[in-house]
Amino acid sequence: MAVVSWKEILLLTGLVVGCYWNSVSCGFVFDDVSAILDNKDLRPATPLRNLFLNDFWGTPMAEERSHKSYRPLTVLTFRLNYLFSELTAASYHLLNVVLHAVVCVLFLRVCRLFLDKTSGLVAALLFAVHPIHTEAVTGVVGRAELLSSIFLLAAFLSYTKSTGADRSIVWSPIALTVVLVAAATLCKEQGITVIGICCVHEVFVAQGFTLPMLLDTLRRFLQGKGGFPYAVLQTLLKLIVLVISTLLLVIVRVQVIQSQLPVFTRFDNPAAVSHTPTRQLTFNYLLPVNAWLLLNPSELCCDWTMGTIPLVESLLDLRNLATLVFYASLGLLAYHSLRYRHSSARTVIMALSLMVLPFIPASNLFFPVGFVVAERVLYVPSMGFCVLVAHGFRIVSHKGHLKKISWLVIGVLLTTHAVKTFQRNWDWESEYTLFTSALKVNKNNAKLWNNVGHALENQNNYAKALQYFLQATRVQPDDIGAHMNVGRTYKNLNRSKEAEDAYLVAKSLMPQVIPGKKYATRVAPNHLNVYINLANLIRANESRLEEADQLYRQAISMRPDFKQAYISRGELLLKMNKLTEARDAYLRALELDRTNADLWYNLAIVNIEMKDPPEALRNFNRALELNPRHKLALFNSALLMQESGDPKFWPEANRRFLIYVEEQPDDANGYFNLGMLAMDASENAAAERWMRRAIALQAGFRSALFNLALLYSQSKRETDALPALDELLRHHPEHVKGLILKGDILMNHKKDTGGAKACFERIVRMDPTNVQGKHNLCVVYFEERDLPRAATCLEETLAMAPNEEYVRRHLSIVRSKMAAMSAAGEPLTAAGGGGAAAAAAAAEDEAPQRVAEEEGAAGVGEEGSGADPVGKWPGGEKNVRTSSAESLGGADQSQPGDSGRSDQQTRGKTTEEVNGIEEKRAAALRRLEEIERILSGD
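What you see is a predicted model; the values in this text were computed from it and never measured. Counting of residues starts from 1 at the beginning of each chain's written sequence and follows it residue by residue. This being a predicted model, a pLDDT of at least 70 is required before a residue's local features are given, and a value of 80 or more before pairs of side-chain atoms are given or counted; all residues contribute to the totals for chains, interfaces and linings. Computation of side-chain values: all heavy atoms of the structure, hydrogens and water removed.

Our next topic: the overall build of the protein. Helix and strand definitions here come from DSSP, where helices need a minimum of 4 consecutive H or I residues and strands a minimum of 2 consecutive E residues; each element is numbered from the N-terminal end. If you tally the helices and strands in the protein, you get 40 helices and 2 strands. Any residue under 20% of the maximum accessible area for its type is buried, any over 50% is exposed, and the rest in between are partly exposed; the area is computed with a 1.4 Å probe on protein chains only. Here the protein holds 938 residues, and 55% of them are scored as buried. Within the protein, counting contacts between residues at least 6 apart in sequence, those at least 24 apart form 67% of the total. Note that accessible areas follow from Shrake-Rupley with a 1.4 Å probe, and for residues the cover is restricted to the protein chains shown. For the protein, the accessible surface area stands at approximately 39600 Å², while carbon and sulfur atoms represent 59% of it. The contact criterion used throughout is that any non-hydrogen atoms of two residues lie within 4.5 Å.

Rendered as structure tokens:
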């Protein structure tokens, strides 16, 4: 075996880079979205063992909706990409290009086993540039083909060393082969077919048998004319080892998929659900279709499902001629290679084994698969095709008069293929470019129209997306998914009536219940989302909540393991205040998937509504154990800790809010709650910093502005509080607490009676029944020495609040003062006594306190997670605890759970806070008594 030189390695690598460098600028498209963007198994927070429990798309293998594609080693490489670059698409594409170059080099080494140096290099060059490989190389999910091919070729190369110089068996290469076959199978299922390739090599190349020789040996053995030759026995022993290894791998694979095949519908593979002979004729016709793509890859398409290739329904269909020609050609090549022992025959038989055996799992001939034609599954079969082309080139080039022509033809072939590959890569730049390019090839595939619509939908171009979705329904009127897409787009366009009609059409197309037949086997799991989408739409109408619940229950009855139905129903029941049923729905969903952080989070929200904070906190913690950076769980669990009023929770609440603001750096509510925690801990500098950060992100943040002013007031920085209050009142001119605090500062610290009067008058104008504002206005009248007006004002206040003793006492003081002044002949409206009156105002208005204001109290309370909740998710001024619904996949992807409920619980007061309040009230009372003595003696 000739060694591959560094020059050849550099040539192949350079050619691969030249053809595929533009693929690095492509994004995640088509299946990449499910395999990369939506796959939780890529995230570092997901346990590594999940890779060996879930399928390629991150779905547990035990679930009915699983595709049963078990490729943990491929997903592991995606996870490594994520570790280094998260979701930067360029790194994923770059690694694919590198892996393709590795495959090309290994393929060249394999070619050297059957071809001379020149023709082997031609085969490798053709493989490097063949346009059929763009889906496998440029599509990130094609990495399964690349990795599987590397291990497949390595396993084959290892096996070729299993025969010693004396024709004895060398077992170590065989053992390594079995390990590499297992690795290839863990990258993609077709990797196991290398066992068959090794068997063909052992019999027809290593041992040099031909089919006539084998038949003659078998005939002689059956006639009793002799036993098997030693070489045959050696071959049988090696083949038995390979077959047993294959059976063990197959048994393990069957156990992994739990003896269940994935569920496919007529939309995925129409022929799979057709009757005889349509099914057989169509599947056999697909073989020459794939062969033609290798011969003439001029029109490539990313999706060949649905109506791309019409069914072959009759023996008279002319397309059957293509099937006959294909089988005749294949038969002639097989006959030539199996009958003779010369090198050309060995080359052809190995080329056929490389082309045919790896394609068998995707051929639909033995079991249905989820596609009609898929270009990426031709990645390994194209190796055999390239060997055949190179072999033909070698034969022709050895004929003197055709040598130059053969070189010219191969040069043109390599050039045109390289240009086609480079241009094809641009089609994979985005989903829109990919699917529009596919529509140029085929306009009869409703899935392509749907996918262009999805691409436009992702750009928020709903009107244009609707046109494509409607065209999909015209191309395939019974396509449930197309009607669901129409309904979702109408919903996005706020055309609810049309959306409901579209969903009802999709619902009417669902398979009917057949007695004795399991429903789940006859419907694609994502089609059941029509019930979810329709229920989500109609539950916006409060009068139709029961109807929505009936739809959720119908979906559950059809597929009891339909997790999303339980989640959506739980949200609805929460909205209907059926808390026990909502909890039961989430617990049922958790029985199906205990590793879903969103489910634990939603259950915690139910616990909060059921007034069970400890259980809510435990479930928040379970969500965070599964996903330590679950934003909603971080925010709401920290809020719950803060609202508990227990200082022992504050450090952990602070840590979670800090992680939250790392995840959501533009959400002012996270910084605001950090500020509130700092105020609780009397860390004024930190509180000021966090409040200012919140205000900078959200101009006019009401609660942050008020609490910042309150913080300044408590810190004896009343002058700094006024600008914050001015900004607060500019955005919220009717903010009563802000007006009270500003009036207090103006009167007691700025001696601005007029400004204070304006604040209190504004309160009374807005709410004539506001006792606090009315009383403080009375104090201003007293400050202005307008005793009759002050007395009248206090009488009106006392009428509104007859149980407020301090109002009654102040009215008595004013009346006594008026009587004394009348007896002395002094005018009742004369100016004077400003300082005492200001002090009275301070006492009678009570000092501002950082506690939630009690109903009817005369103090200024804090705003925040208690009196005036803030922190709406994601933005706004209320702490909203939102149920975190999972994506509905292709059914209604744009609609997250919409049944979040505001949580406006009043914060409980700790013992320290209560003591602080009482101390402030006692101090105010002492000041009031002192002022009363002053007033009585004046």
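Having seen the model, we can carry on.
Backbone geometry follows two general trends: most residues other than glycine have a negative phi, and most peptide bonds adopt the trans configuration. Each neighbour pair has its own omega, and for Thr276 with Pro277 the value is 0 degrees, a cis peptide bond. Located in the positive-phi region is Phe30, a residue other than glycine, with phi close to 55 degrees.

In this section: helix α28 (residues 631-644). What sets the pattern is the α-helix's 3.6 residues per turn: residues three or four places apart point alike. Here, expected helix span is obtained from the residue count minus one, scaled by 1.5 Å. With 14 residues, α28 extends 20 Å between its outermost C-alpha atoms, agreeing within 8% with the 20 Å of an ideal straight helix rising 1.5 Å per residue. The buried fraction of α28 amounts to 12 of the 14 residues, a majority that puts the element mostly inside the structure. A positive phi of about 75 degrees marks Gly645, the residue just after α28.

Quick look at the packing of helix α32 (residues 702-714) against helix α34 (residues 736-748) now. At a closest axis distance of 11 Å, the pairing of α32 and α34 adopts a crossing angle of 25 degrees. Viewed along their axes, α32 and α34 adopt a mutual orientation that is roughly parallel. In the packing of α32 onto α34, the handedness of the crossing is left-handed. Facing Phe706, Ala709, Leu710 and Ser713 of α32, the residues of α34 in contact are Lys737, Gly738 and Leu741. Think of each axis as a best-fit line through the C-alpha atoms, taken over the contacting stretch in the case of a helix, with angles from 0 to 180 degrees between the N-to-C directions. We call two directions roughly parallel when the angle between them is under 35 degrees, roughly antiparallel when it is over 145, roughly perpendicular when it lies between 65 and 115, and oblique otherwise. Whether a crossing is left-handed or right-handed is set by the direction in which the near helix is turned from the far one by less than a right angle, anticlockwise for left-handed and clockwise for right-handed.

What follows concerns helix α9 (residues 194-206). Relative to the 18 Å expected for 13 residues at 1.5 Å per residue, α9 spans just 16 Å between its end C-alpha atoms, considerably shorter than the ideal helical length. For α9, the tally of buried residues reaches 10 of 13 residues, placing the bulk of the element in the interior. Along α9, the residues classified as buried are Val194, Ile195, Ile197, Cys198, Cys199, Val200, His201, Glu202, Val203 and Phe204. Lining the buried residues of α9 we find α7 (143-159), α8 (171-187), α10 (211-222), α11 (230-256), α13 (319-339) and α14 (343-356).

Our next topic: the state of the cysteines. We call a pair of cysteine sulfur atoms a disulfide when they lie within 2.5 Å. Under the criterion given, the structure shown has 1 disulfide. Sulfur-sulfur distance for the disulfide between Cys778 and Cys793 comes to 1.9 Å. Disulfide Cys778 to Cys793: torsion about the S-S bond roughly -80 degrees, handedness left-handed. Placement of Cys778 in helix α36 (residues 771-783) and of Cys793 in helix α37 (residues 787-800) is noted, with a sequence separation of 15 residues between them.

For this analysis, a salt bridge means a side-chain nitrogen from Lys or Arg found within 4 Å of a carboxyl oxygen belonging to Asp or Glu. In total, this model carries 39 salt bridges according to the counting rule given. The partner of Glu663 in a salt bridge is Arg629, and the shortest N-O contact between them spans 2.4 Å. Of this pair, Glu663 sits in helix α29 (residues 650-663) while Arg629 sits in the loop between α27 (613-626) and α28, placing them 34 residues apart in sequence. Judged by relative accessible area, Arg629 falls into the partly exposed class, the value being 37%. For Lys757, the salt bridge identified is with Glu784, shortest N-O distance 3.6 Å. Taken as a pair, Lys757 in helix α35 (residues 753-766) and Glu784 in the loop between α36 and α37 lie far apart in primary sequence, 27 residues in all. Beyond isolated ion pairs, a larger network of salt bridges with shared partners links Asp549, Arg553, Arg569 and Glu581.

Relative to each other, α35 and α36 sit at 150 degrees, their axes nearing to 9 Å. Classed by the angle they form, the pair α35 and α36 counts as roughly antiparallel. Viewed along their axes, α35 and α36 form a crossing whose handedness is left-handed. Each of Thr753, Lys757, Phe760, Glu761, Ile763 and Val764 in α35 lies in contact with α36, whose residues at this interface are Gly773, Lys774, Asn776, Leu777, Val780, Tyr781 and Glu783. Classification convention: Asp, Glu, Lys, Arg as charged; Ala, Val, Leu, Ile, Met, Phe, Trp, Tyr, Cys, Pro as nonpolar; all other residues, Gly among them, as polar. Its residues placed into classes, the contact of α35 with α36 shows 6 nonpolar, 3 polar and 4 charged.

Given two aromatic rings, one states the distance between the centres and the angle between the planes to describe the pair. Aromatic contacts are taken between Phe, Tyr and Trp rings whose centres are within 6.5 Å, Trp giving its six-membered ring; a plane angle under 30 degrees counts as stacked, one over 60 as edge-to-face, and the others as tilted. Following the criterion strictly, the structure yields 17 aromatic pairs and no others. Here Trp449 and Tyr468 contribute two aromatic rings whose centre-to-centre distance is 5.6 Å and whose plane-to-plane angle is 35 degrees, an arrangement assigned as tilted. Of this pair, Trp449 sits in helix α18 (residues 446-458) while Tyr468 sits in helix α19 (residues 462-475); the two residues are 19 residues apart in sequence, bridging distant segments of the chain. Per residue, the accessibility class of Trp449 equals that of Tyr468, and both read buried. Summarising the aromatic geometry, the rings of Tyr601 and Phe620 are spaced 5.6 Å apart at their centres and angled 45 degrees between planes, so their arrangement reads as tilted. Pair noted here: Tyr601 is in helix α26 (residues 597-609) and Phe620 is in helix α27, with a separation of 19 residues, a long-range link. With respect to class, Tyr601 is no different from Phe620; both count as buried. A connected cluster of aromatic rings, assembled from ring pairs, spans Trp21, Phe422 and Trp426. The ring centre of Phe56 lies 4.9 Å from the NZ or CZ of Arg71, which sits over that ring. In our convention, an over-ring charge means Lys NZ or Arg CZ found within 6 Å of a ring centre and within 35 degrees of that ring's normal.

Bear in mind that shape data such as this cannot, by itself, settle questions of function.
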